[in-house]
Each structure stands twice: as C-alpha cells, then as structure tokens.
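Okay, here's what each chain looks like letter by letter:
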Amino acid sequence: MSRVVTTYHQRVAQEKRALIVTAATALFLELGYDRTSLARIAERSGVSRATLFKQFPTKAALFDAIVTESWSTADEEDPPPTGDVVAGLTTIGRRYAALLSRPQMTDLFRIVIAELPRFPELADAQFSHGKMPYFESVRSYLQAEHEAGTARVGDVDLAATQFLGMISNYVFWPALLVPGWEVSAERVAQVVDEAVRTTAARYAATRPGVSTDG
C-alpha cells in the first residue's frame, strides 16, 4: 500500500510541476520575466504558493526547469551506436528537428531574447543547461565515430555546429521570426536527409547510401 501511495504522490507532484512550468512560460511571454511573480504563477497554475515554493524556491530555479524540459528528449539516454555515420546522423538529425519543432522551444528563445538586456543570466542558463548539453551529446557521437575509424573528423566542434546548423537554419529560426511559419513533415525529413548527406560526404570514412545525384 505504501508503494501505491508513494507512486500516487509522485504522479500528483509531476502533474503540478507541469502545470507550474506551463503557467510560468505563458506569463513570462505575456508580462516579461521581471513583472511575473511566483505568486502570480501559482495563481495561474492553480496550485498553492506553498506547493510552488516547495518545487521552485526562486524564479531562477523555475526558469532553469523550463530550459531543461524544453531541451529534454524521451530517448536522449540512447545515443546512436557507432559504426554507421549515415544511420547515426539520421537518428540525431530527426531527434533535433523534432526538438526544435516543439512550441515550447520557440517560447524559450523568445523569452531569452526579450529579456537579454536586463537579465543576461537567462541566456546563460539557456546556454549552459540546454543548448550546450545537447551540443555535447552530438559532439561526443562524432568523436566516437572518429575514434572508431568510421569518420575522419579533425574538428568535432565545427562538425557538430555545421550539422546542427543546417537543420536549425531551416526548421527553427524562420519559425522564431516569422509568424505562421510552418514546415511540412516531408520537408523536415528532406532537410535532415540533406544535412546527413552533406556531413557524411565530408566526414565519413566510407559513405554507404550517400550519392552525388539528386
């Protein structure tokens, strides 16, 4: 019985945490980070102030949670196996495109950009808790392929930046700047495939499945 009760309380806590994060994100966008109080967030999310303060004692801690959850993926603990650069980059590219297509990712960047002049620490949090851990996972994959001899990557930082940039420049940045911008699933798949082909053509020791014709 105690295990059932514990599981129930954990589920309720997770549900309330999700409500808080969603309400905070919406209020940061509507009112700005500075004008949004924890009390207002508690009211919007429908939880008590005590519950909110127990999970997030400061507004900075709450923003860190928004960053972490925006960049989290269900399968992030399973990096692609080495041995096939095309297959590995395809997995990474599809995950990245799906991540960037989330509405909460666009919301996060808009909050950071709007508040950057007054709250540079928000950008620091976004970079250190979100973007860099994800970038490091891609960098580590390319390094593993290099060490396995299936890729020749002299500068893994540059290679990871190039690969992710080819995807984000089409899938994410226009959506951030242009209202109503949409990219079809078919087009996203094409963008990822072309990024994989380009990267594999440059770095793979062998290039199975990569051709020069359209």
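Keep in mind it's a predicted model, so treat the numbers as computed, not measured.

1. Re the overall build of the chain
Reasoning step 1: Looking only at helices and strands, the chain has 10 helices and 0 strands in total.
Reasoning step 2: Secondary structure elements of the chain occur, N-terminal to C-terminal, as α-α-α-α-α-α-α-α-α-α.
Reasoning step 3: In terms of overall dimensions, the chain has a C-alpha envelope of 60 × 50 × 30 Å along the principal axes.
Reasoning step 4: For the chain, buried positions account for 38% of its 214 residues.
Reasoning step 5: Long-range contacts, defined here as pairs at least 24 residues apart, represent 69% of the contacts in the chain between residues at least 6 apart.
Reasoning step 6: Summed over its atoms, the accessible surface of the chain is roughly 12000 Å², and 55% of this surface lies on carbon and sulfur atoms.

2. Quick notes on the side chain of Thr 36
Reasoning step 1: The topology assignment puts Thr 36 in the loop between α1 (2–31) and α2 (38–45).
Reasoning step 2: For Thr 36, a relative accessible area of 1% gives the class buried.
Reasoning step 3: Once residues within four sequence positions are removed from consideration, Thr 36 is found in contact with Leu 27, Phe 28, Leu 31, Ile 41 and Lys 59.

3. Quick notes on the pattern of salt bridges
Reasoning step 1: In the structure shown here, the tally under the stated rule is 8 salt bridges.
Reasoning step 2: One salt bridge in this structure joins Arg 139 and Glu 136, with 3.8 Å as the shortest N-O distance. Pair noted here: Arg 139 and Glu 136 are both in helix α7 (residues 120–148), with a separation of 3 residues, about one helical turn.
Reasoning step 3: Given a relative accessible area of 24%, Arg 139 falls into the partly exposed group.
Reasoning step 4: Judged by its relative accessible area of 34%, Glu 136 falls in the partly exposed class.
Reasoning step 5: Sharing partners across several salt bridges, the network here consists of Asp 34, Glu 115 and Arg 118.

4. Description of the layout of surface pockets
Empty space among the atoms can be located by rolling a probe the size of a water molecule over them.
Reasoning step 1: In this structure, the second largest pocket spans a volume of roughly 210 Å³.
Reasoning step 2: Lining the second largest pocket are 15 residues; nearest its centre among them are Tyr 96, Lys 131, Leu 164, Ser 168 and Trp 173.
Reasoning step 3: Of all the secondary structure elements, the ones that give two or more residues to the lining of the second largest pocket are α5 (85–100), α7 and α8 (156–171).
Reasoning step 4: Here the lining of the second largest pocket gets 5 residues from one element, more than from any other, and that element is α8.
Reasoning step 5: Taken together, the residues of the lining of the second largest pocket sort by class into 10 nonpolar, 4 polar and 1 charged.

5. Considering the packing of aromatic side chains
Reasoning step 1: Applying the stated rule across the entire model yields 9 aromatic pairs.
Reasoning step 2: Among the aromatic residues, those joined into a ring-pair cluster are Phe 28, Tyr 33, Phe 63 and Phe 119.

6. Observations concerning the environment of Leu 158
Reasoning step 1: Its place among the elements puts Leu 158 in helix α8.
Reasoning step 2: Owing to a relative accessible area of 41%, Leu 158 belongs among the partly exposed residues under this scheme.
Reasoning step 3: In this structure, the C-alpha to C-alpha distance between Leu 158 and Ala 200, residues 42 residues apart in sequence, is 14 Å.

The rules we used
Residues numbered from 1 in each chain as written. Predicted model: local features only at pLDDT ≥ 70, side-chain atom pairs only at ≥ 80, totals over all residues. Heavy atoms only, no water. Helix = DSSP H or I, 4+ residues; strand = E, 2+ residues; numbered from the N terminus. Buried < 20%, exposed > 50% of the residue type's maximum accessible area, 1.4 Å probe, protein only. Contact = heavy atoms within 4.5 Å. Areas by Shrake-Rupley, 256 points an atom, 1.4 Å probe, with all protein chains shown as cover. Salt bridge = Lys/Arg side-chain N within 4 Å of Asp/Glu carboxyl O. 1 Å grid on protein atoms, 1.4 Å probe; cavity = no way out; pocket = protein on both sides within 12 Å on 5 of 7 lines; lining within 4 Å. Points joined across faces, edges and corners; volume = space filled by probe spheres on them. Nonpolar A, V, L, I, M, F, W, Y, C, P; charged D, E, K, R; others polar. Phe/Tyr/Trp six-rings, centres within 6.5 Å; stacked < 30°, edge-to-face > 60°.

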